[in-house]
Every structure is written in C-alpha cells, then in structure tokens.
There are 2 protein chains.
Amino acid sequence: MAQSQSYWASISADIEAHLERAVQIRPPHSVFEPLHHLTFAAKRTAAPALCVAACELVGGRRDQAMAAASALHLIHAAFYTHENLPLTDGPNPKPQIHHAYGPNVELLTADGMVPLAFELLARSDDDPTGEKAGRILRVMVEIGRAVGSQGAIDGRYREFLCAQSDGKEMGQVGWVDYVCEKKEGGLHACGAACGAILGGGNEEEIERLRKFGLNVGMIQGRVKGVSRNGVEMLKDMALKELEHFDSNKVEEISGLVEAKVWKKVQNK
Amino acid sequence: MAQSQSYWASISADIEAHLERAVQIRPPHSVFEPLHHLTFAAKRTAAPALCVAACELVGGRRDQAMAAASALHLIHAAFYTHENLPLTDGPNPKPQIHHAYGPNVELLTADGMVPLAFELLARSDDDPTGEKAGRILRVMVEIGRAVGSQGAIDGRYREFLCAQSDGKEMGQVGWVDYVCEKKEGGLHACGAACGAILGGGNEEEIERLRKFGLNVGMIQGRVKGVSRNGVEMLKDMALKELEHFDSNKVEEISGLVEAKVWKKVQNK
C-alpha cells in the first residue's frame, strides 16, 4: 500500500510540474492569471495519473504520457469550472465553491482550457519517424469520445436533470450509476486507454486497461450511496484485468482500486 | 463578383453538409438535439470557407480542408453560445438572442462542441503514409493558439471589460481594433493558414494567406465604427498578399474582401 501510494505521489508531482509549465502566467496576465488559478483550483481526479501509470505498465516512458495527462486534467478542470457557474436555471452546487473571479471570466477562461489541452497534445509530437503522430491522433479521438456528447456531456446532462428535480431522481441507483459511468468512469477509462496507446501497448492491453480504468473511476466517483458489496465487486473486476500483466509490475498500479490511496496522495 | 459569390456559396453548402453529418441527431437524443440546434443557430463566419478556399488556392483538394472547416465553425459556435449565456455579472447581449434551451443545457452542450471539433480533425487522418497526420497536428496547434488565451479568449476578455463599462470603453478605437483582431481577425487568419497547410502550401503561401485572412476577418468583424478609409486600407493589404499567387486563380477568393459578398452568400 505504501509503495503504491508513493508511486502515485511521484506521478502526481510530475503532472503538477507539467501543468505548471503549460499554464505559466505570461502576457496577457489578466487572462493567464485566472487560467492558472482555475487549473489548480479544480479537484484532481486520478485519470491523468492513471494515464501515466498505464503508459509505464505497457513498457512506455513517463514523458510519453505527460501531455495527455495534462490535457485530461485541463478538460476536467474546464468542465469543473463550468459545472460550478451560477446560472439562472440552477441548481447551484452545494456546497458552493469559492469563486475567485466573476462568472463571465470563469466561463471564458475555462473555454480556453479545452483548446489548450488539444494543443498540448498536438505539440507533444517530437518523433520524426511519424509513429507518435498516429498515436496522438488516436488519443485525441479517445478523449473526444470520452468527454463529448456520448460521454461526459451526457453524464452532465443527466446529472443536471436529477439535480433540477431536487434530488428525487438521485435516489434511483440507476441514474447515479449512469452519471458516474459517463463522468468519472469514462474519464478514467479514457485515461488508462490513452496511456496504454501512447506507451505502445497492444490492443488487448489497451482494452484491459480501459476496463481497469472504468472500474477505478466508478470506485473513485461513487463516494456515497454505494454499498460495500458494490465497491468490492468493482475492485474485483478492476483487478481481474490486471491479471493479464506481469505480476511484478502490477503492484503499484493496483493500489488505485482503494479510494483511500488516491485520497491520501491528494492530501499530502 | 457574381463568380466569387457562387464560389463561396458552393463552399458554404459543402461545409453545411459536412457539419450536418458531424452533429447528426442520434442517441442520446436529448443531448444531440441541442448540439444540432446550437451548431446551426450560431452566426456563420467566413473563416471555415476561407480555410477551404485557401486549401484549393495552394493546389489542395476541397475534402482535405473539410474537417478543419467544420472544426472552426464548431469552436466558433461553442464560443458564440457561451458569449450569449445570461450570467449574473452580465452584461447581457443586446439584442438578446433566442434561447431554445435553458442556460445549463446551452452551457454543457457547447462544452461538447470543442472536443468534437478536435475529434473530427483527428479522425480525418486517412493517409497511411503518415504525411497528413503531421499537417493535422500542425493545424491543431494553429487552432489552439488562435482560440486560446492569447487569441480569441483574450479578445472575449477585453470585450467583456468594455461591455461592463457600459460601452464607454468601446468608444476607444484601440479597444475595438484589439478585440476584432483577436476574435474575427485571428479566426480568419487561422482558417486561411490551416487551409494552406492542409492543401500542401509552402511556408510563404501559408504566411501570405494568414495575412490575407487576418485582414478579411478585420473587414468582416468591423461592421460598425470603422471609417471607409479604414476598410479600403484593409482591402488593399489583403489583396496585396494575393499578388503572390497565380492571377488566374485568385479572382474567386479575392471577392471575400467585400463584406457584402459573404453577407449575400449567407442570406441566400
């Protein structure tokens, strides 16, 4: 457990440093300051770290996944910012988050994060043989699908419907599962698959890591309203996918099935 | 003039058809219906058409630029939707646009348009030699820069500041020019440069078409508050860049320096 925790902490630190360079405050300062602030104000999901870990698990180098990891956080941060805007047709989030800027600046700043995410990925092609370009384009399709109208946007839409009905709909486990699968599940599945693609994994490795990521995302996302049995089932399904890999290598990545491991990395 | 108008009308029709396929209504309908609506509710800029025309001018085929053209419209439509959301720190746009959906649905639907734009581009790589992949990645960097924190987002930020000061700031020509250059200017410059890149243009052709696009965008964007002399100067600067190209080929594209040509194409 301690070994796994220090592994995730080391990946997290590298992603933070990469993001810090990507959103470094420069002219025009009035635009970059909120960009920097909102990038780091958003809650960290494990999806970017999972992207890096999956890349390493299939034999890739950490730096090969760093742009994708940063891109995943930037898109999550953009959505997080927009989900917490005060809008006339509410509902306003409870508890309300601290807003360092007004709604208009938060809205347009987050609008700049998504193109930046794809720009970072596009710029990360440093391979003159052209092999990496194909992988980067494939990763962009993966991300587009995971965060688009059949992915996270669908999850946000359903979540909005539930919240608008004042929580009545949220009591139905079906809705909660659906939203969680589309949001946290989809983002983590995408992160793991992208890492495996960038690290040069084969199709089976990519699909197994995608399923591992999906289940990990469901565990991370379902903070409440889920039975102990439900979590154990998700853990079992996640770990089953790792049996395919070299057992000497899976110990570090497998720790992520414990929600508390990621929580501890974040609270350090 | 008539010849140029029919050229732009033909490009426009092809882009509309490409967009129609990209946002075709499919399950989940409740998410795709607003996506389809908001894609076509947004005002059409000439930037996507200019992308296609630039591709053809440098000797490329129309279909090589179609994904980039659609991507440019989708990002513009996303920003257009977000700029017209009613937010608590206003200002609300005048005249107010018709809202077919509530603010939350408009907000999240537009959030899905930007990843879709990049996904379309990533999917457009159909070249097994790998040559196109490099061009697509370069185009993504161009788009990221044009619509990001040093481009359209900066323009939107300044415009918001001006509007918040109740139009007082807007009287200063410097501000209007700055916003117009960052928004319409930058988008059209990007469109033209991307078309030239995708069509296989050389560096000089790319830079000349970028400048042509910048000036065309400034003409298209400055609907009011600009002197006749100002527009004539922009036209001259735009046309000067076209002198470098085969004079038999530039007639159609050069018509775009007349704001009314694009307007007529849109009103047909």
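All figures in this text were calculated on a predicted structure; none of them were measured in a lab.

The rules behind the values
Residues numbered from 1 in each chain as written. Chains lettered and ligands numbered in written order. Predicted model: local features only at pLDDT ≥ 70, side-chain atom pairs only at ≥ 80, totals over all residues. Heavy atoms only, no water. Helix = DSSP H or I, 4+ residues; strand = E, 2+ residues; numbered from the N terminus. Rg over C-alpha atoms; globule rule 2.2 N^0.38 Å. Buried < 20%, exposed > 50% of the residue type's maximum accessible area, 1.4 Å probe, protein only. Contact = heavy atoms within 4.5 Å. Areas by Shrake-Rupley, 256 points an atom, 1.4 Å probe, with all protein chains shown as cover. Lys, Arg positive; Asp, Glu negative; His and termini not counted. Charge placed at Lys NZ, Arg CZ, Asp CG, Glu CD. Arc of directions from axis to C-beta. Least-squares fit on C-alpha atoms with pLDDT ≥ 70 in both. Axes fitted to C-alpha atoms, helices over the stretch in contact; angles between N-to-C directions. Parallel < 35°, antiparallel > 145°, perpendicular 65-115°, else oblique. Nonpolar A, V, L, I, M, F, W, Y, C, P; charged D, E, K, R; others polar. Buried area = accessible area lost by both parts, 1.4 Å probe. Salt bridge = Lys/Arg side-chain N within 4 Å of Asp/Glu carboxyl O. Polar contact = N/O pair within 3.5 Å; in protein donor to acceptor, adjacent residues only side chain to side chain. Phe/Tyr/Trp six-rings, centres within 6.5 Å; stacked < 30°, edge-to-face > 60°. Lys NZ or Arg CZ within 6 Å of the ring centre and 35° of its normal. Core = buried A, V, L, I, M, F, W, Y, C linked by side-chain atoms within 4.5 Å. Expected span 1.5 Å × (residues − 1).

(A) Up close: the overall build of chain A. Within chain A, the secondary structure is distributed over 12 helices and 0 strands. Counting from the amino terminus, helix and strand elements in chain A follow one another as α-α-α-α-α-α-α-α-α-α-α-α. Against the 2.2 N^0.38 benchmark of 18 Å for 268 residues, chain A shows a C-alpha radius of gyration of 18 Å, consistent with a compact globule. Dimensions along the principal axes, computed over C-alpha positions, put chain A at roughly 50 × 50 × 35 Å. For chain A, buried positions account for 58% of its 268 residues. Taking as baseline every contact in chain A between residues at least 6 positions apart, the subset at least 24 positions apart corresponds to 74%. Put simply, chain A shows about 11300 Å² of open surface, and 50% of that area lies on carbon and sulfur atoms. Charge centroids of chain A, computed over 30 positive and 35 negative side chains, lie 3 Å from each other.

(B) The arrangement of helix H12 (residues 259-267) of chain A in detail. Residue and element names in this part refer to chain A. Of all the positions in H12, only Val261, Trp262 and Val265 are classed as buried. Projected down its long axis, H12 shows its buried positions confined to an angular sector of 95°, all on one face. Of the exposed residues in H12, the ones pointing more than 90 degrees away from its buried face are Lys263 and Asn267. Residues of H12 that are buried make contact with helix H1 (2-22), helix H3 (47-57) and helix H9 (203-221).

(C) Local environment of the relation of the copies chain B and chain A. Its rotation angle being 180°, the transformation that places chain B on chain A also includes 0.0 Å of axial translation and leaves an RMSD of 0.0 Å. Taken together, the rotation and translation describe the operation of a two-fold axis. Taken together, the interface assignments show that 100% of the residues at the interface of chain B recur at the interface of chain A, consistent with an identical surface on both copies.

(D) Structural view of the packing of helix H5 (residues 103-123) of chain A against helix H7 (residues 152-164) of chain B. Running from amino to carboxyl end, H5(A) crosses H7(B) at an angle of 170°, the nearest separation of the two axes being 9 Å. Between H5(A) and H7(B), the interaxial angle falls into the category roughly antiparallel. Packed against H5(A), whose contacting residues are A:Asn104, A:Val105, A:Leu107, A:Leu108, A:Asp111 and A:Gly112, the element H7(B) presents B:Ile153, B:Arg156, B:Tyr157 and B:Phe160 at the interface. Partitioning the contact of H5(A) with H7(B) into residue classes produces 6 nonpolar, 2 polar and 2 charged.

(E) Just the interface of chain B and chain A, in detail. The interface of chain B with chain A comprises 47 residues on the first partner and 47 residues on the second. When the two sides are added together, the surface that chain B and chain A hide from each other amounts to roughly 4300 Å², 71% of it contributed by carbon and sulfur. For the interface between chain B and chain A, the tally reads 2 salt bridges. With its nearest N and O atoms 2.9 Å apart, the salt bridge here joins A:Arg156 to B:Asp111. Taken together, the connections running from chain B to chain A amount to 6 residue pairs in polar contact (both at pLDDT 80 or more). Looking at which element gives the most residues to the side of chain B that touches chain A, the answer is helix H5 (residues 103-123) of chain B, with 13 residues.

(F) Broad picture of the packing of aromatic side chains. Counted by the stated rule, this structure contains 3 aromatic pairs over all chains. Judged by centre distance (5.6 Å) and plane angle (70°), the rings of B:Tyr7 and B:Trp8 are edge-to-face. For B:Trp8, a relative accessible area of 0% puts it in the buried group. Of note, A:Arg156 hangs over the ring of A:Phe79, and the distance from its end group to the ring centre comes to 4.8 Å. It is A:Arg158 that lies over the ring of A:Tyr178; its NZ or CZ is 4.3 Å from the centre.

(G) Here's a closer look at the pattern of salt bridges. Residue and element names in this part refer to chain A. Taken as a whole and judged by the stated rule, the model has 38 salt bridges over all chains. Among the salt bridges present, the one from Glu119 reaches Arg123, with a minimum N-O distance of 2.7 Å. Remark: Arg123 and Glu119 occur in helix H5; sequence separation between them is 4 residues, near one turn of the helix. On the basis of relative accessible area, Glu119 is assigned to the buried category, the value being 9%. Beyond isolated ion pairs, a larger network of salt bridges with shared partners links Glu142, Arg145, Glu207 and Arg210.

(H) Highlighting unusual backbone geometry. Going from A:Pro27 to A:Pro28, the amide bond is cis rather than trans, its omega being -10°. Mapped onto the secondary structure, A:Pro28 falls in the loop between H1 and helix H2 (29-41).

(I) Main features of the environment of B:Asp154. The topology assignment puts B:Asp154 in helix H7. The exposure class assigned to B:Asp154 is buried, which follows from its relative accessible area of 0%. Along the backbone, B:Asp154 and B:Lys183 are 29 residues apart, and their C-alpha atoms lie at a distance of 8.4 Å. Sequence-distant contacts of B:Asp154, that is, excluding residues within four places in its chain, are made with A:Pro28, A:Val31, B:Gly148, B:Ser149, B:Tyr178 and B:Lys182.

(J) Region of interest: the side chain of B:Lys235. Mapped onto the elements of the fold, B:Lys235 is located in helix H10 (residues 228-242). Residue B:Lys235 is classed as buried on the basis of its relative accessible area of 13%.

(K) Structural context of the environment of B:Pro27. Along the polypeptide, B:Pro27 turns up in the loop between helix H1 (2-22) and helix H2 (29-41). Setting aside residues no more than four positions away along its own chain, B:Pro27 makes contact with A:Gln150 and B:Phe32.

(L) Just the nonpolar core, in detail. Within the largest apolar cluster, 174 residues are counted, with the highest numbers of intra-cluster contacts made by A:Trp8, A:Leu209, B:Trp8 and B:Leu209. The contact partners of B:Trp8, leaving out residues within four places of it in the chain, are B:Ala49, B:Leu50, B:Ala53, B:Glu252, B:Ile253, B:Leu256, B:Val261, B:Trp262 and B:Val265. In terms of nonpolar packing, the next biggest core, distinct from the first, is built from 6 residues, A:Leu85, A:Leu87, B:Leu87 and B:Leu107 among them.

(M) Seen up close, H2(B). Look at H2(B): 18 Å from first C-alpha to last across 13 residues, which is about the 18 Å you get at 1.5 Å a residue. The complete set of buried residues in H2(B) reads B:Val31, B:Phe32, B:Pro34, B:Leu35, B:His36, B:Leu38, B:Thr39 and B:Phe40. In the core, the buried residues of H2(B) are packed alongside helix H7 (152-164) of chain A together with H1, helix H4 (66-83) and H5 of chain B.

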